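Next come the chains, spelled out residue by residue.
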Amino acid sequence: MLDLRQLRYFVTVAETEHVGRAAERLHISQSPLSRQIAQLEKTLGLTLFERSQQRIRLTADGRVFLSEARALLLHADRLENLGRRLGRGEEGGLCIGYAADAMHTGVLPRALRELHDERPGIHVALYNHPAAEQFEGLRRRSLDIALVSEPPAEDDPDLRAAPLLDDPLLLAVPSGHPVADLTEITPADLEGLPWIAVENSRRPAWRDEFIAACAASGFAPDVRLEAAEPLTALGLVASGLGLALVQRNMLRGEAAGVTVRELPWLDMSVRLWAVWHRVDLRAVVASFRETVLAAREEAGGGTKAEAVGERLDVAVGERKGASGTGHREETDPPA
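A few points on the structure. (Residues numbered from 1 in each chain as written. Predicted model: local features only at pLDDT ≥ 70, side-chain atom pairs only at ≥ 80, totals over all residues. Heavy atoms only, no water.)

### So, the nonpolar core
At step 1: Formed by 26 residues in total, the largest nonpolar core has its most connected members in Ile96, Leu108, Leu147, Leu164 and Phe288.
At step 2: For this core, the secondary-structure elements that each account for two or more residues are strand S3 (94–98), helix H5 (100–104), helix H6 (107–118), strand S4 (124–127), strand S5 (145–148), strand S6 (159–174), strand S11 (269–277) and helix H11 (283–298). (Core = buried A, V, L, I, M, F, W, Y, C linked by side-chain atoms within 4.5 Å. Buried < 20%, exposed > 50% of the residue type's maximum accessible area, 1.4 Å probe, protein only. Helix = DSSP H or I, 4+ residues; strand = E, 2+ residues; numbered from the N terminus.)

### Considerations on the pairing of S5
At step 1: Residues Ile145 and Leu147 of S5 are buried on one face, and the alternating residues Ala146 and Val148, pointing to the opposite face, are buried as well.
At step 2: Of the strand pairs in this sheet, S3 and S5 are connected by 3 bridges, and their pairing is parallel. Of the residues in S5, the one forming a bridge with Tyr98 is Leu147. (Pairing = 2+ DSSP bridges.)

### Some details on helix H7 (residues 131–140)
Helical geometry: 3.6 residues make up each α-helical turn, so side chains three or four residues apart lie on a common side.
At step 1: By the burial criterion, the buried members of H7 are Ala131, Gln134, Phe135, Gly137 and Leu138. Looking straight down H7, one finds that the buried residues subtend no more than 160° of arc, so they occupy a single side.
At step 2: The secondary structure elements touched by the buried residues of H7 are S3, S4, S5, S6 and S11.
At step 3: The first or second residue beyond H7 is Arg141, which carries a positive phi of 70°. (Arc of directions from axis to C-beta. Contact = heavy atoms within 4.5 Å.)

### Things to note about the side chain of Asp101
At step 1: Positionally, Asp101 belongs in helix H5.
At step 2: Of note is the side chain of Asp101, whose polar atom sits 3.3 Å from the side chain of Gln247.
At step 3: Setting aside anything within four residues of it in sequence, one finds Asp101 in contact with Gln247, Val270 and Leu272. (Polar contact = N/O pair within 3.5 Å; in protein donor to acceptor, adjacent residues only side chain to side chain.)

### Some thoughts on the packing of helix H1 (residues 4–16) against helix H3 (residues 30–44)
At step 1: Contact geometry for H1 and H3: axes closest at 9 Å, N-to-C directions at 110°. In terms of their interaxial angle, H1 and H3 are classed as roughly perpendicular. Residue-level contacts link Arg5, Gln6, Leu7, Tyr9, Phe10 and Val13 of H1 to Leu33, Gln36, Ile37, Gln39 and Leu40 of H3.
At step 2: Class assignment of the residues belonging to the contact of H1 with H3 gives a composition of 7 nonpolar, 3 polar and 1 charged. (Axes fitted to C-alpha atoms, helices over the stretch in contact; angles between N-to-C directions. Parallel < 35°, antiparallel > 145°, perpendicular 65-115°, else oblique. Nonpolar A, V, L, I, M, F, W, Y, C, P; charged D, E, K, R; others polar.)

Here it is, written out as structure tokens:
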């Protein structure tokens, strides 16, 4: 039987790569910490660390075990928290995974607002991690629902998914730029112009994908700047530093210094899916999922960004409320 205390000791030593510093962090002495790690290795029949006089490092097996140990400890913490809340007669909390676009487009803030109106005392933890980690979190039940930019495999035995949003990208141009006044913009008009690419930190190949998508549309962007998120890109466009592609739902109001143009020939959009475990364990999870899906259903299926946008009209200031009072945003992985 695994000892959760030993697992916590192991994770701390693995993170510090130093028994002394790990002991200080754990507020114990080095000798009992070393004994606990040795006992864990004996129990497992596995060498977790390579030891030398200078340092202690994870073995290849140790790195695999570390990932699983973190996941187990996270789930144990959440389970303990849930048990305490249920013991107090509460419904428990919600652990929600999300992609940045779930915030930018207003899908998640709107759902959280409705949740707060219906259940003002419920605790919500938000996790922003890659889709693969969120899928694993759903399987392990350390997440209740995930709003992600890609769905799981269609034949996934555990997970179900539904499209929420297909938000087309529009061209943002500095006001007064020659392109802004064209009657019809063609790919040739955009060839060689300076561009601001909107970064996707969860997709290492995002820059290559952006350039490839532009090339498929018929032009080669000259990427001069990279923006961490769409609002930053709009600010850079307004400063006259380049052009950018920004999703429609980010452009519902007028932006000073920016002219927005549609590109009928450009087949690029921001997509969003809701993903959940096929078996519901708690009524509050099913209820929140229905709240999330309601926007798609009321809009007629979630395939038209214009229709979905009518249901998800959220201002920039409202996005800040998604992780404000009553919600806690986590940084540890959910899986």
